[in-house]
Amino acid sequence: MIVRRLELADLPTYREVRLRALREHPTAFTSAYEDEAAESLESYARMIAKPPSATFGCFDGATLVGIAALIVPPGKKLRHRGTIVSMYVAPEARRTGAGRLLLQATIDAARAVGLVAVILFVEADNARAKALYLSFGFRRYGTDPRVAVIDGVYYDADLMILDLDS
């Protein structure tokens with residue numbers, strides 16, 4: 001498996017994987033499948049982040065099996081810390097190291113642009129994802145209650161941070 005930055009040429013495949021993630025795991029994301037499925041392919045171009053942000057894909061041969069993005073805010077007061085978003089590995093690629101490769105790529109990108117920390121939000125009940133993040137040194141620093149609602153059920157997100165300057 002290899003991980004690389006995604007480019008605009010990857011949009012069709014990226015969109016397919018992103019929609020699969022939203023459809024199969026609606027509680028893991030704050031975006032809704034129905035909203036993003038209605039968007040044009042061209043609108044997905046905004047999701048292929050430009051430096052210093054980056055969107056990564058994990059490929060098993062020619063097949064995109066995972067995605068993750070590092071978002072670095074443009075504001076002068078905020079660009080010291082990035083956010084990891086849209087982390088997803090297809091079920092058939094789990095337990096292959098794909099998640100570790102994607103997470104490492106986002107952390108490496110954060111270090112390369114001089115960030116002091118990265119944060120992420122993970123569904124509070126997603127023990128497998130939290131275990132991955134903890135294994136990289138992330139720590140929980142809070143909970144965002146009722147961050148999403150699906151069919152009248154509210155879901156909380158744990159807030160996690162990894163300090164890169166310590």
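Undergrad: Could you clarify how one ought to interpret the overall build of the chain in this entry?
TA: Looking only at helices and strands, the chain has four helices and seven strands in total. Listing every helix and strand of the chain by position from the N terminus yields β-α-α-β-β-β-α-β-α-β-β. Here the C-alpha atoms of the chain give a radius of gyration of 15 Å, agreeing with the 15 Å that 2.2 N^0.38 yields for 166 residues. With 166 residues in all, the chain has 43% of them scored as buried. Long-range contacts, defined here as pairs at least 24 residues apart, represent 61% of the contacts in the chain between residues at least 6 apart.

Undergrad: In this structure, what is going on with the sheet that holds strand β5 (residues 117–123)? I would like to understand it.
TA: Within a sheet, each strand pairs with its neighbour through backbone hydrogen bonds, oriented either parallel or antiparallel. An order of β1-β2-β3-β4-β5-β7-β6 is seen for the seven strands of this open sheet, with the pairing classed as mixed. Edge positions in the sheet fall to β1 (2–5) and β6 (139–150), since each has one partner strand and no second. Neighbour-to-neighbour, the strand axes of this sheet turn through a mean angle of 25 degrees, independent of strand direction. Pairing geometry for β5 and strand β7 (residues 153–163), over seven bridges, is antiparallel. Looking at β7, one finds that Leu 120 is bridged to Met 160. In the packing of helix α4 (residues 127–135) onto the sheet, contacts are made with β4 (81–89), β5 and β7, and the angle to β5 comes to roughly 165 degrees.

Undergrad: Which parts of the structure should I look at to understand the side chain of Glu 36?
TA: Here Glu 36 shows up in helix α2 (residues 33–37). The exposure class of Glu 36 is buried, given its relative accessible area of 4%. In this structure, Glu 36 is in contact with Arg 15, Arg 18, Leu 19, Leu 22, Ser 31, Tyr 44 and Met 47, ignoring residues within four places of it in sequence.

Undergrad: Please explain helix α3 (residues 98–112) as it appears in this structure.
TA: Between its first and last C-alpha atoms α3 spans 21 Å; for 15 residues at 1.5 Å apiece the expected length is 21 Å, and the two agree. Taken as a whole, α3 has its buried residues at Ala 98, Gly 99, Leu 102, Leu 103, Ala 105, Thr 106, Ile 107, Ala 109 and Ala 110. Residue Gly 114 follows α3 closely and has a positive phi angle near 80 degrees.

Undergrad: Is there a simple way to think about the environment of Pro 26 in this case?
TA: Along the chain, the position of Pro 26 falls in the loop between α1 (11–24) and α2. Taking the C-alpha atoms as reference points, Pro 26 and Arg 128, 102 residues apart in sequence, are found 16 Å from one another. Those residues in contact with Pro 26 that lie beyond four places of it in its chain are Ala 21 and Ile 150.

Undergrad: What is the right way to look at the pattern of salt bridges in this model?
TA: Any two side chains of opposite charge can pair, on the condition that their charged atoms come close. Applying the stated rule across the entire model yields eight salt bridges. Here Arg 18 makes a salt bridge to Glu 36, at a shortest N to O gap of 2.8 Å. Here Glu 36 lies in helix α2 and Arg 18 lies in helix α1, a separation of 18 residues in the sequence. Residue Arg 18 is classed as buried on the basis of its relative accessible area of 4%. Residue Asp 163 pairs with Arg 139 through a salt bridge whose shortest N-O separation is 3.3 Å. Residue Asp 163 is located in strand β7, and its partner Arg 139 is located in strand β6; the two are separated by 24 residues in the primary sequence. Owing to a relative accessible area of 43%, Arg 139 belongs among the partly exposed residues under this scheme.

Calculation criteria
- Residues numbered from 1 in each chain as written.
- Predicted model: local features only at pLDDT ≥ 70, side-chain atom pairs only at ≥ 80, totals over all residues.
- Heavy atoms only, no water.
- Helix = DSSP H or I, 4+ residues; strand = E, 2+ residues; numbered from the N terminus.
- Rg over C-alpha atoms; globule rule 2.2 N^0.38 Å.
- Buried < 20%, exposed > 50% of the residue type's maximum accessible area, 1.4 Å probe, protein only.
- Contact = heavy atoms within 4.5 Å.
- Pairing = 2+ DSSP bridges.
- Axes fitted to C-alpha atoms, helices over the stretch in contact; angles between N-to-C directions.
- Expected span 1.5 Å × (residues − 1).
- Salt bridge = Lys/Arg side-chain N within 4 Å of Asp/Glu carboxyl O.

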